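Topology and contacts: notes
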Amino acid sequence: MFENYKFTAAERFIRYVQIDTQSNPQSLSNPTTEKQKELSKLLAEELKQIGITDAHMDEWGYVYATIPGNTNKKVPVICFCAHVDTAPDCSGTGVKPMVHTNYQGQDIILPDDTTQVLRLSEYPYLQTQKGNDVITASGTTLLGSDDKAGVAEIMDLANFLMMNKELKHGTIKILFTPDEEVGKGTSKVDLKKLGAHFGYTLDGGEAGSLEDETFSADGVQVVIHGVIAHPGYAKDKMINAMKIAGEILAALPKDRLSPESTDGKRGFIHPVRIEGIAEKCTIEFIIRDFETPGLIKKEDYLKTQIEELLRTYPKASFEFKVTEQYRNMKEILDQHPQVVEYAREAIERTGIKMKMESIRGGTDGSRLSFMGLPCPNLFAGEQAIHSKLEFISIHDMNKAVQTMVHLVQIWYERTPSEEEKS
Ligand SMILES: [Zn+2]
């Protein structure tokens, strides 16, 4: 199927990463930085050049486009989604992509800052890329494969499908979002207008990886009320809320239930902010677990700890407020098992090993899933993201394109035709 096709993902990627699209967590506007629209505008134009006539960018910087279906079968509408912004953690200004052809396992010294060295020993995934072409930045910026790899791959999928119209598929939607890195990627998305039944974000790492789980997440705000008095005459009267807060934090387990001591499927209780005076002190926590009951258990544990401590200060009191942040997308995806199943099969048809993974965080996919668009995360090939050593192989990018092509075909194949139904 791909013998005569010249993949365009890498060529596109190299152009897209040179456009600075860093988002800004401090900004209150949508998108958080205007410059993201530069790439979005270009993508809408290029989609039109490919022949996708309805491609456009809206006022918030979202790009919507439709690859029309070419079958009478009622194939569910599938959306492929990627984000145009790059992380605020590392500069995205003046990215100089460099292609290291036929990588042979050597150290790659990045020329603009020679202390930045990409070593096989530190990034063992490079082992799988021997003989392939690897792209890095030049040492002073991130590369932006998160998520311009996903963007370029979806663009190439569109190009492939528009050039190979004999290949049957249902309607396919394309969605490019701004501000994923600052947690606002879905804030202005219009799912009604998008009109898709199921989605896939293209924002994962290793070739073959498929992520159908995220954390479930709550925020907890604890407000401690002390008793205030003139410090000169406070004997047997004053109860300092800040000191109680200190005791609460000191009593948190150090060898478990913390981000520093957990990985895999274990969750945590994590204080993220503290603010106060002697009279009143507020601690903000984030609570994470893969299971919602596990989340509640951790919240109960924290609350009990505080209650017990406060027993020694009968005149002090506290408030404990839980706010839901997001939920494990698996809760939704399990209701539509074909979404993940077909992705698994598409990866296998591409000839790579499928690797099921869980994300220790949230994604736009988890938000989209709960907004009504079940949406697991497919690999895009991005590696060492949010850092100056970020890299990606062209081989992996092309595999991601192939996976999507197989995926739309599987959705077509599995949909019964009208005759088969009756
Ligand atoms: Zn991303």
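Residues numbered from 1 in each chain as written. Predicted model: local features only at pLDDT ≥ 70, side-chain atom pairs only at ≥ 80, totals over all residues. Heavy atoms only, no water.

Some thoughts on the coordination of the zinc ion
Tetrahedral metal sites with four donors have an ideal angle of 109.5 degrees; octahedral sites with six donors have ideal angles of 90 or 180 degrees. Protein coordination at the zinc ion comes from H83 (NE2), D146 (OD), D203 (OD) and D203 (OD), with a distance range of 1.9 to 2.5 Å. One way to put it: the 4 donor atoms around the zinc ion meet at angles of 54 to 137°, and that makes the site irregular. (Donors = N, O, S within 2.8 Å, 3.2 Å for Na, K, Ca; no water. Tetrahedral: all angles 85-135°; square planar, octahedral: opposite > 155°, others 65-115°.)

A word on the sheet that holds strand β2 (residues 63–67)
The strand order across the open sheet formed by 8 strands is β1-β2-β8-β3-β9-β16-β10-β15, and the pairing between neighbours is mixed. Each edge of the open sheet carries a strand with a single partner, namely β1 (56–57) and β15 (355–359). Where β2 and strand β8 (residues 172–177) come together, 5 bridges link them in antiparallel fashion. For V63, the partnering residue across the bridge sits in β8 and is F176. Packed onto the sheet, helix α3 (residues 145–163) meets β2, β3 (78–83), β8, β9 (198–204) and β16 (377–379) and runs at close to 145° relative to β3. (Pairing = 2+ DSSP bridges. Helix = DSSP H or I, 4+ residues; strand = E, 2+ residues; numbered from the N terminus. Contact = heavy atoms within 4.5 Å. Axes fitted to C-alpha atoms, helices over the stretch in contact; angles between N-to-C directions.)

Examining the side chain of R12
Position of R12 among the secondary structure elements: in helix α1 (residues 9–16). Separated by 3.0 Å, the side chains of R12 and E46 make a polar contact. Look past the residues within four positions of R12 in its chain and what remains in contact with it is E46, I50, A152, M155, D156 and N159. (Polar contact = N/O pair within 3.5 Å; in protein donor to acceptor, adjacent residues only side chain to side chain.)

Re the packing of α1 against helix α2 (residues 36–50)
Running from N to C, α1 and α2 point in directions that differ by 150°, and their axes come no closer than 12 Å. Looking at the two axes, α1 sits roughly antiparallel to α2. In this structure, α1 crosses over α2, and the sense of that crossing is right-handed. Contacts from R12, R15 and Y16 of α1 reach α2 at L39, L42, L43, E46 and I50. Here the residues of the contact of α1 with α2 sort into 5 nonpolar, no polar and 3 charged. (Parallel < 35°, antiparallel > 145°, perpendicular 65-115°, else oblique. Left-handed = near helix turned anticlockwise from the far one by under 90°. Nonpolar A, V, L, I, M, F, W, Y, C, P; charged D, E, K, R; others polar.)

So, the pairing of strand β13 (residues 280–289)
Of all 10 residues making up β13, 8 are buried, and the element is well covered by its neighbours. Judged from the 10 bridges that link them, strand β11 (residues 216–225) and β13 form a sheet pairing that is antiparallel. Paired with Q221 across the bridge in β13 is E284. Two strands pair when backbone bridges link them, and strand β12 (residues 268–276) and β13 are joined in this way by 8 bridges, in the antiparallel orientation. (Buried < 20%, exposed > 50% of the residue type's maximum accessible area, 1.4 Å probe, protein only.)

Examining helix α5 (residues 241–250)
Where α5 is concerned, the buried positions are A241, I244, A245 and I248. Around the axis of α5, the buried residues are gathered within 105° of arc, so they sit on the same side. Among the exposed residues of α5, those pointing more than 90 degrees away from its buried face are K243 and A250. Next to the buried residues of α5 lie β11, β12, β13 and α6 (292–310). N-capping of α5 is provided by N240, with a side-chain oxygen placed 2.9 Å from the backbone N of M242. (Arc of directions from axis to C-beta.)

Description of helix α10 (residues 394–414)
Residues that lie three or four places apart on an α-helix share one face, since the helix turns once every 3.6 residues. With 21 residues, α10 should reach 30 Å at 1.5 Å per residue; the first-to-last C-alpha distance of 30 Å fits that figure. Counted residue by residue, α10 has 17 buried out of 21 residues, so it is predominantly covered. (Expected span 1.5 Å × (residues − 1).)

Notes on the packing of aromatic side chains
Counted according to the given criterion, the structure contains 10 aromatic pairs. Residues F2 and F160 carry aromatic rings whose centres are separated by 5.2 Å and whose planes lie at 45° to one another, so their mutual orientation is tilted. In this pair, F2 sits in the segment before α1 while F160 sits in helix α3, placing the two residues 158 residues apart along the sequence. On the accessibility criterion, F2 (14% relative accessible area) is buried. On the accessibility criterion, F160 (0% relative accessible area) is buried. Among the aromatic residues, ring-to-ring pairing joins F2, Y5, F7 and F160 into one connected group. Its end group placed over the ring of W60, K188 keeps NZ or CZ at 4.4 Å from the ring centre. (Phe/Tyr/Trp six-rings, centres within 6.5 Å; stacked < 30°, edge-to-face > 60°. Lys NZ or Arg CZ within 6 Å of the ring centre and 35° of its normal.)

Comments concerning the nonpolar core
In terms of nonpolar packing, the biggest core is built from 83 residues, with L47, F80, F176, Y200 and L378 touching the most fellow members. When residues no more than four places from it in sequence are discounted, the contact partners of F80 are I154, L157, I172, K173, I174, L175, Y200, L202, L378, M404, L407 and V408. Of all hydrophobic cores here, the second largest spans 22 residues; its members include V220, I239, I244 and L309. (Core = buried A, V, L, I, M, F, W, Y, C linked by side-chain atoms within 4.5 Å.)

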